[in-house]
Every structure is written in C-alpha cells, then in structure tokens.
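# Architecture and fold: a report
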Amino acid sequence: MLAGIHHVALICSDYQRSKHFYTEILGLKVLAEHYRAERLSYKLDLQLPDGSQLELFSFPNPPPRPSTPEAQGLRHLAFQVLDVAQVVTHLEANGIAVEPVRIDPYTERAYTFFKDPDDLPLELYQILPTELRR
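Residues numbered from 1 in each chain as written. Predicted model: local features only at pLDDT ≥ 70, side-chain atom pairs only at ≥ 80, totals over all residues. Heavy atoms only, no water.

Attention now moves to the sheet that holds strand 6 (residues 102-103). Strand order in the open sheet formed by four strands is 5-8-7-6, with mixed pairing between adjacent strands. Only two strands of the sheet have a single neighbouring strand rather than two, namely strand 5 (77-81) and strand 6. Taken together, the five bridges between strand 5 and strand 8 (residues 121-126) define a ladder with parallel strand orientation. Residue pairing for strand 8: Gln80 is matched across the bridge by Tyr125. Against the sheet, helix 2 (residues 84-93) makes contact with strand 5, strand 7 (110-115) and strand 8, and its axis sits at roughly 145° relative to strand 8, the strand it touches most. (Pairing = 2+ DSSP bridges. Helix = DSSP H or I, 4+ residues; strand = E, 2+ residues; numbered from the N terminus. Contact = heavy atoms within 4.5 Å. Axes fitted to C-alpha atoms, helices over the stretch in contact; angles between N-to-C directions.)

Here's what the structure looks like:
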C-alpha cells in the first residue's frame, strides 16, 4: 500500500539560517522556494539524492519543541550515508557539534546524532552501497 516516504516537513525559527544549514552544509538541492504573503511564510522544497524531499517552512513565532528527543511526535530524522566518519568531519569543519559515533547493537552499523539550527535531532546512519536508494 505505501511505497515510501515522499517528504518530511520541518518548521524553522530562522528561515535564512535553516536554509543555509540544509542547502550549504548538508548539500540538499533546492527544488522550489515560495514566499506565501498571506501566511508571512516561506516554503522551501529540498531534494535528497534518493528523490525524497524535505519541506522547510517558516511561520511567525512558531512554538518551540517541548523537549528533545523524547517529546511526542517526531523523535528524529535519519539520513542514510555511505561513510558516517566522512560526514562527521564535514559537519565539524562547519562548526556543527556531533555526538560520538556509535555502533547499533542490532545491525552493527555506525550512527551518530547532531542537531539542526532549531535543535531538531538529526541522525546519520551508515548503509552499504548496495542499499543506497536512488
């Protein structure tokens, strides 16, 4: 019935800061950007290499996330990568704090967490090249 995830939508507190983070630091491709004057809101459509998308929204005075990461709702957003250590090096070179890399005891895969500009927990999860979805 379900074929996959099309997109994940995020609401940011500082649109330009988040746009820079997701496009310049994480390297996501901009598909479309719209300013919706009636809502005083931007909507930025971003694409990952596998075709899935991230929608970035800005709204005036959005409420903050209640706690992290155990609040109800989205716990974290995980990105598949081929080399966790390489991405960690890139993030740290751009001033992004990254937790120590761990090994999943069930899958034996490397993973780690970092946060976006609004403290949304993001995960890097290492996959094999044969598992890469495009």
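Resuming the write-up.
Let us look at the side chain of Ser18. For Ser18, the position within the fold is in helix 1 (residues 15-25). If sequence neighbours within four positions are ignored, Ser18 has contacts with Cys12, Leu56, Pro117 and Asp118.

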